[in-house]
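Here is what each chain is made of, one letter per residue.
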Amino acid sequence: MNPTLPVGADYVRILPEIVLSIFGMAIMVLDPLVDEKKSQQLLGGLGLIGTLAGLVSTWIMAQSPGFAFWNMVQVDGFSVFFHVLVIAIALVLILTSYEYMAVQQLRAGEYYGLILFGLVGMCLMSSAVELVLIFISLEISSISTYILAGFRRRSATSSESSLKYFLLGSFATAFFLYGVAMMFGATGSTNIDAISAALNSGKVPLLAYVAMALMFVGLGFKVAAAPFHIWTPDVYEGAPAPVVGFMSTAPKAAAFAVLLRIIFEANAPGRFWLIWLSAVLSMTLGNVAALVQDNVKRLLAYSSIAHAGYILVAFAAKPELGAPAVMFYTAAYAAMNVGAFAVVSHLANENERYVTLENYAGLGRSSPILAGTLTIFLISLIGIPITGGFFAKFYVFSAALQSNLVWLTIIGVINSAIGAYYYLKIIVVMYMREAREEVPVLPIPLALRAALALTLAATVYLGVVPGRMLTFVQQSAQQLLQAEHTSAREQVGNAAVPRATQ
Amino acid sequence: MNILNTHILTLVTFIPAAGGLLLLLVPRRDRDIRIFSLIVSLLTFGLSLHLVARVHRMLPGFQYEIDRAWISTPNIHYHMGVDGISMWLVLLTTFLTPLCVLISWNSIHERVKEFFILLLVLETALIGVFTSLDLFLFYFFWESTLIPMALLIGIYGHGRKVYAAVKFFLYTMVASVFMLAAVIWLYAHVGSFDFVTIQNAIRTGQVEGFSTAAPWLFIGFFLAFAVKVPLFPFHTWLPDAHVEAPTAGSVLLAGVLLKMGTYGLLRFNLGLFPEQSRHNAPWICTLALVGIVYGALVAMVQPNLKRVIAYSSVSHLGFVVLGIFSFTQAGLNGAMFVMLAHGISTGALFMLAGIIFERKHSYEIADMGGLATPMPKYATFFLFITLASVGLPLLNGFVGEFLVLSGAFQANPWYGTIGATGVIWSACYLLWMYQRVFFGKVTHPENSTLADLSAREQLALWPTAVAALVMGVAPLLWLNIIDPAVQAALTPFAQVASKVVGQ
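Residues numbered from 1 in each chain as written. Chains lettered and ligands numbered in written order. Predicted model: local features only at pLDDT ≥ 70, side-chain atom pairs only at ≥ 80, totals over all residues.

(A) Inspection of the overall build of chain A at higher detail. Scanning chain A from terminus to terminus reveals 21 helices and two strands. Across its three principal directions, the C-alpha atoms of chain A cover 80 × 55 × 40 Å. For chain A, with 502 residues in total, the buried portion stands at 62%. Look at the contacts in chain A between residues 6 or more apart in sequence, and 81% of them connect residues 24 or more apart. (Helix = DSSP H or I, 4+ residues; strand = E, 2+ residues; numbered from the N terminus. Buried ≥ 20, exposed ≤ 12 C-beta atoms within 10 Å, placed from the backbone. Contact = placed C-beta atoms within 7 Å.)

(B) Representation of the overall build of chain B. When its secondary structure is counted, chain B shows 19 helices and two strands. In terms of overall dimensions, chain B has C-alpha extents of about 70 × 55 × 40 Å along its principal axes. Counting across all 503 residues of chain B, residues that qualify as buried make up 59%. Nonlocal contacts in chain B, meaning residues at least 24 apart in sequence, comprise 81% of its contacts between residues at least 6 apart.

(C) The arrangement of the pairing of strand E1 (residues 63-71) of chain B in detail. All names here are of chain B. Looking at chain direction, E1 and strand E2 (residues 76-82) are connected through six bridges and run antiparallel. Each bridged residue has a counterpart across the sheet, and for Arg68 the counterpart in E2 is Tyr78. A loop of four residues connects E1 with E2, the two strands running antiparallel in sequence. (Pairing = 2+ DSSP bridges.)

(D) How the structure looks around the domain arrangement of chain B. Residues and elements named next belong to chain B. Taken domain by domain, chain B holds domain 1 (1-67 + 82-131), domain 2 (153-245 + 261-265) and domain 3 (274-498). Each of domain 1 and domain 3 has a C-alpha centre, and these two points are 24 Å apart. In terms of residue class, the side of domain 1 that touches domain 3 is made up of 13 nonpolar, three polar and two charged. (Domains from an automatic or database assignment. Nonpolar A, V, L, I, M, F, W, Y, C, P; charged D, E, K, R; others polar.)

(E) A look at the confidence of the model for chain B. Residues and elements named next belong to chain B. Here chain B averages 86 in pLDDT, and 98% of its residues register 70 or above. Looking over chain B, one finds the lowest element-wise mean pLDDT in helix H19 (residues 476-502), namely 74, and the highest in helix H4 (residues 112-131), namely 91. Interface confidence in the predicted complex, given as ipTM, is 0.80; pTM for the same model is 0.87. (pLDDT = per-residue confidence, 0-100.)

(F) View of the environment of A:Ser144. Residues and elements named next belong to chain A. Structurally, Ser144 can be placed in helix H6 (residues 131-149). Classification of Ser144 by C-beta neighbours within 10 Å gives buried; the count is 23. In the structure, Ser144 is positioned 179 residues away from Ala323 in sequence and 28 Å away in space, judged by C-alpha atoms. In contact with Ser144, not counting residues within four places along its chain, are Leu114, Phe117, Gly118 and Gly121.

(G) Region of the structure containing helix H9 (residues 206-222) of chain A. Residues and elements named next belong to chain A. If you check H9, its first and last C-alpha atoms are 25 Å apart, about what 17 residues at 1.5 Å a residue would give, namely 24 Å. Within H9, twelve of the 17 residues are buried, leaving the element largely enclosed by the surrounding structure. All of the buried residues along H9 are Ala208, Ala211, Met212, Leu214, Met215, Phe216, Val217, Gly218, Leu219, Gly220, Phe221 and Lys222. Contacts made by the buried residues of H9 are with helix H7 (156-187), helix H8 (192-200), helix H12 (250-265) and helix H13 (272-291). (Expected span 1.5 Å × (residues − 1).)

(H) Inspection of the packing of helix H16 (residues 396-411) of chain B against helix H17 (residues 413-438) of chain B at higher detail. Residues and elements named next belong to chain B. For the pair H16 and H17, interaxial distance at closest approach is 6 Å and the crossing angle is 155°. By the angle between their axes, H16 is roughly antiparallel relative to H17. Residues Glu401, Leu405, Ala408, Phe409 and Ala411 of H16 form the contact with H17, whose participating residues are Pro413, Tyr415, Gly416, Gly419, Ala420 and Val423. (Axes fitted to C-alpha atoms, helices over the stretch in contact; angles between N-to-C directions. Parallel < 35°, antiparallel > 145°, perpendicular 65-115°, else oblique.)

(I) Structural context of the interface of chain A and chain B. Contacts between the two partners involve 25 residues from chain A, matched on the other side by 27 residues from chain B. Every element with two or more residues in the side of chain A that touches chain B is listed here: helix H18 (388-402), helix H19 (406-432) and helix H21 (467-501) of chain A.

(J) Quick peek at unusual backbone geometry. For the bond from B:Val229 to B:Pro230, the omega torsion is -10°, close enough to zero to count as cis. Topologically, B:Pro230 is positioned in the loop between helix H9 (210-228) and helix H10 (237-244). Cis geometry marks the peptide bond from B:Phe232 to B:Pro233; its omega dihedral reads 0°. One can find B:Pro233 in the loop between H9 and H10. With a phi angle near 65°, A:Asn349 is a residue other than glycine that sits in the positive phi range. Assignment of secondary structure puts A:Asn349 in the loop between helix H15 (319-348) and helix H16 (363-366). Overall, the presence of 18 C-beta atoms within 10 Å leaves A:Asn349 in the partly exposed class. One non-glycine residue with positive phi stands out, namely B:Phe327, at about 55°. One can find B:Phe327 in the loop between helix H13 (305-324) and helix H14 (329-360). For B:Phe327, a count of 23 C-beta atoms within 10 Å corresponds to the buried category.

(K) Quick peek at the environment of B:Ser250. Along the chain, B:Ser250 falls in helix H11 (residues 247-272). A sequence separation of 206 residues divides B:Ser250 from B:Thr44, and the C-alpha atoms of the two residues are 21 Å apart.

(L) Geometry of the environment of B:Met179. Residues and elements named next belong to chain B. Here Met179 is to be found in helix H7 (residues 161-190). The exposure class of Met179 is buried, given the 25 C-beta atoms found within 10 Å. Note: C-alpha distance between Met179 and Leu223 (44 residues apart in sequence) is 7.5 Å. In this view, Met179 contacts Tyr139, Gly220, Phe221 and Ala224; residues no more than four positions away in its chain are not counted.

(M) Structural context of the packing of H19(A) against H7(B). At a closest axis distance of 9 Å, the pairing of H19(A) and H7(B) adopts a crossing angle of 155°. When the axis of H19(A) is compared with that of H7(B), the two are roughly antiparallel. Both H19(A) and H7(B) take part in a crossing whose hand is right-handed. Counted together, A:Thr409, A:Ile410, A:Val413, A:Ile414, A:Ser416, A:Ala417, A:Ala420, A:Tyr421, A:Leu424, A:Val428 and A:Met432 of H19(A) and B:Lys161, B:Val162, B:Ala165, B:Val166, B:Phe169, B:Leu170, B:Met173, B:Val174, B:Val177, B:Leu180 and B:Ala181 of H7(B) form the full contact between these two elements. (Left-handed = near helix turned anticlockwise from the far one by under 90°.)

As structure tokens, then:
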């Protein structure tokens, strides 16, 4: 490896990150300059434009696939997919936040900037193929989300949420870092390709197993997989509702992207039982605990643990089947969950007063549009046809069964049946129970309408004509896996020569 | 004509849902919505008649097939087609839906728009279940029936409607995930969801590991269908759902939804796992017999009109399962015929129960008595349908039960003997119920002023009465089309039998 200066193409390959950073900084700089009353529209609008620019630059980036910055960053179908996914989630988040921030009487300011900075981290996570860079981007994304979680300054639960997330989160990232260090010790490299080559070229040192387990702890925390899920309900309950929709999808998607790279690309050793156990625990604990919740945000928090479990099921499957299933699931889950949280944040009203199940009673009558939209998201979360959730679940379980994971599949389908109950409970409350106290439903502003329309369209699109998306995820998963093998072979060749001369 | 033949199933399946979507856009003028739904459902019925008109009677296989790739990987096709079995079930659905619209004309007066949207979407899902030949598509429609039905019960029902809706949803949802697992297993090992492809692969023994997995796959499908039928002891959701559902919900639930279960048993359990079916037949038949007798006995002591009819469904559907698992031509023909006859007569009984509920707001038999005096027309219709349901010769109930019993006798005399008692039981509980409701003096003075049937109600009831009569007098119109399909379904069993004999 001879360190040359980065060329133009290198910068194109991190163009979305650059563009998002510029917009993020612009928002920070403008914040003190604009009038507080106008800041909401102005900075929010800037954030919106920033995400749109991010999408455009992702498209530009996609035109020049390859490695950049001394093999630290790799642009392929896989990273493009996750770029688009997390940026789209942020776009919907900003559309939702518009009204939410005004209702909660929160200062816009750095809020939109932090979203964009978080995005930079998440985007980088999906294209980094170097463990240290992954760690750094993980931190960038985490720190932004820690602050976002505490944005309802006047509320104690929000501060608790932020603090808890921060303390436990940094603890978990330390595990990840420790794992990275050990992996370096075991294989002599922090580059995933090189690690893959080292691990597949003979006896796997014990240290690599330990490293793998430690990294899994760190990432397991980020995706809220059991047994590293304890923080989830408290943090989700306290954080601002739109942010929860964001937190439960975008950083998770990025963390899953990293897991995909580490587990499938590097063909990590000793992963099977680790994942199997975590998947079963997540699904079961998440679903069972969700059954007894009466706060909608908590309920959806436990549900997100369960969904992390379903996604982990795919990780236990054969790579060529599991990887596309993971990708599809994260996309479908993002569409439906962000949409559901958009509805929740609209209904929450000032100080998030109305977030219990009881407050949803009679919504079918007082606001048929919101109730209808939420119903479709919930149906999708249950996994009923014509929605993306159904297809995603189907695809995951089909991958698992094709890999002969019969028991895991059976546990999974039983869990999804259990899960049906608590989502149904919300639908039941909305349509079949009369409101006990008058819950004011604000008119739906244009931005929120757009957010709901986008997520709804995505949910139904993925459920009815998922063909294109499936082909895309399969191709990019294949790229991911093949690239691994070919580059691994090259690396073996390169690495073998100096060793032999020594 | 050819174009129509290729697309007729798509049209019949999706016109109701398209109508439902259009309803989303129209303003909330209840009368217009009702008329529109009636037109849509009648249009669907009219189109479905094309299926019967153009059918090739002697062809045993699927007709009006359409097979387009829907999603390439996984290999999912939009494959639809009907044979003599499913065609009649489609027709039953399209026949009952306009009647449901008519019967809900006045009884639904709140959230009318949503009601008819749900009803029409439900119709599409139901027709889709019977027409799909791709297992994925089948599961897709199968699950799609859940939400509209649960909402119909939960929003428009009465009494403990929420409890009933959730129970209905969870029972069927939990059971069908096992079917999903089985479907995915088949896909994983065959590489296709196509019913015909999978069937051929299994018959020619190309499926790896099939012999060890077959018992589990059979159970997976069986559980989903048995809960839907419902077979004893999975029936406990049914009385709750029926009693609390609005009239139209009950009609479709009893008339069509239950047949999804028996249709599934016939098409998938028999079609894909003939050996397992034969192997498991004894205990399934036993459960069916228990259902026949138990359902009848429980029906007898119910104080509530709708509960009587609900338990009578448990009993009648027991006949269907018994017929299917007798593996005889008579038994299967009979099972099909009972499905259709039960759909019509029980549908009509629920409509009649709904009519009295609109007037009295009660289903309790104790609140009635002597109703024949104030409501003579109502009493006549009720008697006619009751007799059809009891199985009086020349009405529709008789033919099917007779065929099932003769099939059951061929399979095992004990099945036939015990099953035959079911006919007696049904006469007991239905006629006794009729007597308590209609004969004698008017026991409650307020009942003496009850209004008789209105023209609209008669309009909803006449078709069922005519159908009950025609089916009883000229059953061959139906059986001629059913028979080739049934024979095709039975071929593997003849082979299995000859294999056994050969050994």
